[in-house]
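# Breakdown of the fold
If you want the building blocks of each chain, they are given just below.
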Amino acid sequence: MAALRYAGLEDTDSEEELPPGWEERTTADGWVYYASHLEEKTQWEHPKSGKRKRVAGGLPYGWEQETDENGQVYFVDHINKRTTYLDPRLAFTVEDNPVKATPRQRYDGNSTAMEILQGRDLSGKVVIITGANSGIGFETAKSLALHGAYVILACRNPSRGSDAVQRILGEWHKAKVEAMTLDLASLQSVQRFAEAFKSKNVPLHILICNAAVFGAPWSLTEDGLESTFQVNHLGHFYLVQLLEDILRRSSPARVVVVSSESHRFTEIKDSSGKLDFSLLSPSKKDYWAMLAYNRSKLCNILFSNELNRRLSPHGVTSNAVHPGNMIYSSIHRSWWVYTLLFTLARPFTKSM
């Protein structure tokens, strides 16, 4: 129980409470045993429940195992600047022969990235996340970096990208993070980014297409396309094409496209049922910000599905994900009305 309280995950199940005089410990290879200071004995079974347990996964992010001058193992929490002889993994023990839980049982709409990644070692994995200096992109980048991945924050604004890197390093100084410039509103910038990444001669295991604009007024990019369509979809489409060869060589690899449930509320076909290209990049008189966003998100899903069909035989999977309705981030900054709506919905939606 002391370890659970220390980790902020105090157990409320009385069956798991230790009797007075008992202590929970771990072996070097992760098995849990119990020591009685009153009877001066140890045993593998929990003194009340009779269950055998082991720790789940590796150390939480920011923790390292050290050995003192007497040869005794202790644990250092670099995030909160503290040390303890209690194994922090005791907060995440599992039974020796547990019934395998289904994803639906383990995770739900309140689960956080840190909870899902608990115990996973992503050392050696290389990740690119677009729009990673704030919002969902930043939280994703931080979570992956704090679990050992080498994360590249692909951001339009170099200064904000650098600030995001420093925020992650402030949580764990050993995190492997880097910011690179990527402006999805410029196909030339996408090409430069891909060339710069390829020059690093590293693999690419995860590409997360996260960056997006929402509720933006009509404007054209330097490539002559409507901005919402190019930033949310076409820029990512081009980026994946440029990095496809690296993804194949790095397999198993994956592409994650952040889409939205709002894709359901639009159409991109004309009256005859054929794709209407004028709807994808509309003129100013035919533009409505919300519809433009919805269409770009529908394109995301269609692209992700086809990409998975083509690349999954080569070890590269693609998934589109709906992150949650009206999560309060900076995506609503384009118009004060959207900011007001997101603010009003904030108490009822998932928090960052």
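Calculation rules
Positions within a chain are numbered from 1, following the residues in the order the chain's sequence is written. Two thresholds apply to this predicted model, a pLDDT of at least 70 for residue-level local features and 80 or more for giving and counting side-chain atom pairs, whereas whole-chain, interface and lining totals are computed over all residues. Side-chain numbers come from the whole structure's heavy atoms, not from hydrogens or water. Numbering goes from the N terminus for both helices and strands, where a helix is a DSSP run of H or I of at least four residues and a strand is a run of E of at least two. Contact definition: two residues touch when any of their heavy atoms are within 4.5 Å. Accessible surface area values rest on a Shrake-Rupley calculation with a 1.4 Å probe, where residue burial reflects the displayed protein chains alone. Each residue gets one of three labels from its accessible area relative to the maximum for its type: buried under 20%, exposed over 50%, partly exposed in between, using a 1.4 Å probe on protein chains only. Note: two strands are recorded as paired if DSSP finds a minimum of 2 bridges between them. Clockwise travel from the first strand over the helix to the second, with the strands pointing away from the viewer, marks a crossover as right-handed. Aromatic rings from Phe, Tyr and Trp, taking only the six-membered ring of Trp, are treated as a pair when their centres fall within 6.5 Å; an angle between ring planes under 30 degrees marks them as stacked, one over 60 as edge-to-face, and anything in between as tilted. In the sections that follow, a salt bridge refers to a side-chain nitrogen of Lys or Arg positioned within 4 Å of a carboxyl oxygen of Asp or Glu. Angles here are taken between N-to-C directions and fall from 0 to 180 degrees, while the axes themselves are lines fitted to C-alpha atoms, restricted in helices to the stretch in contact. For classification, angles of less than 35 degrees are called roughly parallel, those exceeding 145 degrees roughly antiparallel, those between 65 and 115 degrees roughly perpendicular, and all remaining angles oblique. Left-handed describes a crossing whose near helix is turned anticlockwise from the far helix by less than a right angle; the clockwise case is right-handed. Classification convention: Asp, Glu, Lys, Arg as charged; Ala, Val, Leu, Ile, Met, Phe, Trp, Tyr, Cys, Pro as nonpolar; all other residues, Gly among them, as polar.

Here we come to the overall build of the protein chain. Scanning the protein chain for helices and strands turns up 10 helices and 14 strands. A separation of at least 24 residues holds for 64% of the contacts in the protein chain among residues at least 6 apart in sequence. Surface exposure of the protein chain reaches about 19,200 Å², of which carbon and sulfur atoms provide 51%.

A two-sided burial pattern is seen for strand 12 (residues 206-209), the buried positions comprising Ile206 and Ile208 on one face and Leu207 and Cys209 on the other. In the sheet, strand 9 (residues 126-130) pairs with strand 12 via three bridges, with the strands oriented parallel. For Ile129, the partnering residue across the bridge sits in strand 12 and is Ile208. Taken together, the four bridges between strand 12 and strand 13 (residues 253-258) define a ladder with parallel strand orientation. Paired with Ile206 across the two strands is Arg254, which belongs to strand 13. Between the parallel pair strand 12 and strand 13, the chain is carried across by helix 7 (residues 227-249), and the sense of this crossover is right-handed.

The subject of this paragraph is the packing of aromatic side chains. Across all of its chains, the model carries four aromatic pairs by this definition. Summarising the aromatic geometry, the rings of Tyr74 and Tyr85 are spaced 5.9 Å apart at their centres and angled 55° between planes, so their arrangement reads as tilted. Pair noted here: Tyr74 is in strand 6 (residues 73-77) and Tyr85 is in the loop between strand 7 (82-84) and strand 8 (93-95), with a separation of 11 residues, a long-range link. Owing to a relative accessible area of 21%, Tyr74 belongs among the partly exposed residues under this scheme. Arranged with centres 5.1 Å apart and planes meeting at 55°, the rings of Phe237 and Phe303 form a pair that is tilted. Of this pair, Phe237 sits in helix 7 while Phe303 is found in helix 9 (residues 289-311), placing the two residues 66 residues apart along the sequence. Of the residues examined, Phe237 reaches a relative accessible area of 34% and is grouped as partly exposed. Using a relative accessible area of 9% as the deciding quantity, one classes Phe303 as buried.

To continue, consider the pattern of salt bridges. Scanning the model with the defined rule gives 15 salt bridges in all. Asp87 is the partner of Arg89 in a salt bridge, and the nearest nitrogen-oxygen pair spans 2.8 Å. Assessed through its relative accessible area of 10%, Arg89 is described here as buried. Overall, the relative accessible area of 2% leaves Asp87 in the buried class. With a closest N to O distance of 2.8 Å, Arg310 and Glu306 form a salt bridge. You can see Arg310 and its partner Glu306 sitting in helix 9, four residues apart, about one turn around the helix.

For the rest of this paragraph, the subject is the side chain of Thr228. The residue Thr228 is located in helix 7 in this model. In this structure Thr228 touches Val213, Ala216, His233, Tyr287, Ala292, Tyr293 and Ser296, once residues within four positions along its chain are discounted.

Once that is clear, we can look at the environment of Asn232. Mapped onto the secondary structure, Asn232 falls in helix 7. With relative accessibility at 1%, the residue Asn232 sits in the buried group. C-alpha separation for the pair Asn232 and Val258, spaced 26 residues apart in sequence, amounts to 9.4 Å. Sequence-distant contacts of Asn232, that is, excluding residues within four places in its chain, are made with Ala211, Ala212, Val213, Tyr293, Ser296, Lys297 and Asn300.

Two packed helices can be described by the angle between their axes and the distance between those axes. Closest axis-to-axis distance for the helix 7/helix 9 pair is 8 Å, and the angle between their directions is 15°. With respect to their mutual orientation, helix 7 and helix 9 come out roughly parallel. Where helix 7 crosses over helix 9, the two elements pack in a sense that is right-handed. Contact residues: Thr228, Phe229, Asn232, His233, Phe237, Val240, Gln241, Glu244 and Arg248 in helix 7; Ala292, Tyr293, Ser296, Lys297, Cys299, Asn300, Phe303, Leu307 and Leu311 in helix 9. Of the residues assigned to the contact of helix 7 with helix 9, the class counts are nine nonpolar, six polar and three charged.

Purely geometric stuff here, so don't read any function into it on its own.
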